Amino acid sequence: MSNLCPSIHSDLLQKGIVKFFNQPQKGKCNTRLYLVPNGISTRCSFFRCYATTKSLHVGGPVNGNQVSSVVGGSEKSQRKLLGDNLEMKLGELFSEIKSLIKMGNKDDALDLLEANYEAVKEQMIAGDKTIQEAAILDVIALGYMAIEDFKMVKSILNTLDEIVHNLGDDEPLIDSILTHMGSMHSTLGRFEKSMLLYKRALEILERYHGDNSTSLVMPLLGMGKALGSAGRATKAVEVYNRIISILESNLGAESEEMVVPLNALGNLLIEQGKAEDAENPFMRIVGIYTKLYGKNDQRVGMAMCSLANAKCAKGDADSAIKLYKNALEVLEHSESMNINDSVLEKTRIDLAELLHVVGREEEGRELLGECLSITKKYKGEEDPSFVTHITNLATSYSRSKNYVEAERLLRSSLEIMEGNVGPDDPSVTFVMLQLAVTLYNMNRDEEAELLALKVLRVREKAFGDASLPVGEALDCLICIQKRMGRDAGEILDLLKRNLSIQEKAFGDESEQVVETLKKIVFFMDKLGIKDHKAPFQRRLSLLRSKFKQQIQY
């Protein structure tokens, strides 16, 4: 629930950069490409799979599902065979799990996973820890991953690690199992372990298929993602370029399969601050989709959004705005995309944000109003995104210093949220704190203080006394109380508390810590606390030198 509305930092009390939010809240300016997924069918089959190495049976009809190998994908020539019957039943098992999850039957999916997990555990207790057990555990782990039971995934992966360590590289499907394990470890943040698994999978595949086979693409994609997540961006770029080279030589430079590595490469280059280099991958994607589907296809629109993102990151706002507008026109006229589609919604918000940044606030506000109207018409005022759009509009009006309209919208948003989740729900505090900022800007400090204090109390209870949301509330409250002339000693205590939170969240040498240290020194001067001031002053001086900037309070 905390992602319903934007977090409020004290820099919004001054003239900060506008930032709008979508629902669910995602990373800034990071539009993802639309891809039609291929692979395992999620069509429901009325069967139950109980997978063990000795007895794997399915009850009921299969309904002719087209099921690709769940743990396979690589060629099996010159390899041992796992057995088509077991592979088919593993495929059916995973297909049903996905179907149950898709239909909202999470409990049934869990029952199915638990039954199969208990069965395979019995086999392992009996001493069977072969490739069959590894393949079944792999499917079960993927099922728990789909349900987002990461604790269970971690436990199964620990068992799998032990089994595959003792298996030979010539076992059937070992490369696919290793690739799946690498992906799951990466999701859990275990990047080094993930990369070791991908490395072994690649060595196996290269031995059977050579170093330029498309069979290498999946583990290489996983390797690239893990490297990027682990902060090894340069190596990740090399991996993505290798994938692109493999696909170009095997499938051609304009193959649709090029889109995924090009998109990953472009996003990684933007994260590295190499926005100009990122333009080429996204331009290639626009070209690929245009040739395959025509210039008015929604995939072209999405690719144009990614290219606009690169232009935006490079600082070419005019080109980015033009691309976003063209993309929006393509998406709005796409027959396969509804007017209330979340992709369209995000594109409008991204464009509105950019328009505000360049000072074209009226145009941006028009788009935000359009988002609000569409959500109200098609989803209703009870939808969480409705509150988000009201808050975005309020942020826009605040930026234009129309605090009266901003207050009206925020109070409306607050009323809806309190009616939906209650006045003490932590999600309410994000709107409440923004309202406190708005009232502060209207010089209504007492009202602002009351709201900030309530936010602080609710967040302390919900997130803990030393949490970052509490630090945000403290930051806002301190600014309000300073202008009100509240007791300097009490404000100093709040500052020290906030300093501890910021050190833990951002690091001892972060800019947030520097700013708070400056305030602490200011209030110690005011209170005449000279004995305790020296260490704070000394630390501030060292950090000032590091940042090479004058910090004023």
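A. View of the overall build of the protein chain. The helix and strand inventory of the protein chain stands at 22 helices and two strands. Taken across its 553 residues, the protein chain has 50% of its residues classed as buried. Partitioning the intrachain contacts of the protein chain with sequence separation of at least 6 by distance along the chain shows that 64% fall at a separation of at least 24. Total accessible area computed for the protein chain in this model is approximately 25900 Å², and 49% of it derives from carbon and sulfur atoms.

B. Highlighting the confidence of the model for the protein chain. Across the protein chain, the average pLDDT comes to 84, with 84% of residues at 70 or higher. Across the protein chain, the secondary-structure element scoring lowest on mean pLDDT is strand β2 (residues 57-59), at 28, and the one scoring highest is helix α18 (residues 445-463), at 97. For the stretch residues 1-18, pLDDT sits under 50, and the model shows 51 contacts to residues farther than four places along the chain or on other chains. When the criterion is pLDDT under 50, residues 23-79 qualifies, and its contacts beyond four places in sequence or with other chains add up to 160 contacts.

C. How the structure looks around a negative patch on the surface. Side chains of Asp 107, Asp 108, Asp 111 and Glu 114 sit close together on the surface and give a patch of like negative charge. Topologically, Asp 111 is positioned in helix α2 (residues 106-125).

D. Spatial organisation of the packing of helix α13 (residues 342-357) against helix α15 (residues 384-399). The N-to-C vectors of α13 and α15 enclose an angle of 10 degrees; their axes lie 12 Å apart at closest approach. Judged by the angle between their axes, α13 and α15 are roughly parallel. Contact residues: Glu 345, Ile 349, His 356 and Val 357 in α13; Ser 385, His 389, Asn 392, Ser 396 and Arg 399 in α15. Grouping the constituent residues of the contact of α13 with α15 by class yields two nonpolar, five polar and two charged.

E. Fine view of helix α20 (residues 488-506). With 19 residues, α20 extends 26 Å from end C-alpha to end C-alpha; this agrees with the ideal 27 Å at 1.5 Å per step. Listed as buried for α20 are Ala 488, Ile 491, Leu 492, Leu 494, Leu 495, Asn 498, Leu 499, Ile 501 and Gln 502. Capping of α20 at its N-terminal end is provided by Asp 487; its side-chain oxygen lies 3.0 Å from the backbone amide nitrogen of Gly 489. A positive backbone phi angle near 105 degrees is found at Gly 507, which sits one or two residues after α20.

F. Spatial organisation of the packing of helix α12 (residues 317-332) against α13. The N-to-C vectors of α12 and α13 enclose an angle of 155 degrees; their axes lie 10 Å apart at closest approach. With respect to α13, the axis of α12 lies roughly antiparallel. As for the relative orientation of α12 and α13, their crossing is left-handed in sense. Across the interface between the two elements, Ala 317, Ala 320, Ile 321, Tyr 324, Lys 325, Leu 328, Leu 331 and Glu 332 from α12 touch Val 343, Leu 344, Thr 347, Arg 348, Asp 350, Leu 351, Leu 354 and Leu 355 from α13.

G. Structural context of the environment of Asp 493. Relative to the elements of secondary structure, Asp 493 occurs in helix α20. Residues Asp 493 and Ile 520, 27 residues apart in the sequence, show an inter-C-alpha distance of 9.0 Å.

H. Local environment of the state of the cysteines. Summed over all chains, the structure comprises zero disulfides. Cys 479 supplies the cysteine sulfur nearest to Cys 476, a cysteine that is in no disulfide, at a spacing of 6.9 Å. Residue classification places Cys 476 among the buried residues on the basis of a relative accessible area of 1%.

I. The packing of aromatic side chains, seen in detail. Enumeration over the complete set of coordinates arrives at two aromatic pairs. With a centroid separation of 6.1 Å and 45 degrees between ring planes, the pair formed by Tyr 289 and Tyr 293 is classed as tilted. Highlighted residues: Tyr 289 and Tyr 293, both in helix α10 (residues 275-293), separated by four residues, approximately one helical turn. When its relative accessible area of 0% is taken as the criterion, Tyr 289 is described as buried. Judged by its relative accessible area of 33%, Tyr 293 falls in the partly exposed class. The interplanar angle of 85 degrees and the centroid separation of 5.2 Å between the aromatic rings of Phe 522 and Phe 523 together place this pair among those described as edge-to-face. Overall, Phe 522 belongs to the partly exposed group, its relative accessible area being 32%. One residue, Arg 365, lies across the ring of Tyr 397, its end atom 4.6 Å from the ring centre. We note Arg 483 situated over the ring of Tyr 440; from NZ or CZ to the ring centre the distance is 3.8 Å.

Rules of the game
- Residues numbered from 1 in each chain as written.
- Predicted model: local features only at pLDDT ≥ 70, side-chain atom pairs only at ≥ 80, totals over all residues.
- Heavy atoms only, no water.
- Helix = DSSP H or I, 4+ residues; strand = E, 2+ residues; numbered from the N terminus.
- Buried < 20%, exposed > 50% of the residue type's maximum accessible area, 1.4 Å probe, protein only.
- Contact = heavy atoms within 4.5 Å.
- Areas by Shrake-Rupley, 256 points an atom, 1.4 Å probe, with all protein chains shown as cover.
- pLDDT = per-residue confidence, 0-100.
- Patch = residues over 30% accessible without salt bridge, like charges linked within 9 Å, V, L, I, M, F, W, Y side chains within 5 Å.
- Salt bridge = Lys/Arg side-chain N within 4 Å of Asp/Glu carboxyl O.
- Lys, Arg positive; Asp, Glu negative; His and termini not counted.
- Charge placed at Lys NZ, Arg CZ, Asp CG, Glu CD.
- Axes fitted to C-alpha atoms, helices over the stretch in contact; angles between N-to-C directions.
- Parallel < 35°, antiparallel > 145°, perpendicular 65-115°, else oblique.
- Nonpolar A, V, L, I, M, F, W, Y, C, P; charged D, E, K, R; others polar.
- Expected span 1.5 Å × (residues − 1).
- Polar contact = N/O pair within 3.5 Å; in protein donor to acceptor, adjacent residues only side chain to side chain.
- Left-handed = near helix turned anticlockwise from the far one by under 90°.
- Disulfide = S-S within 2.5 Å.
- Phe/Tyr/Trp six-rings, centres within 6.5 Å; stacked < 30°, edge-to-face > 60°.
- Lys NZ or Arg CZ within 6 Å of the ring centre and 35° of its normal.

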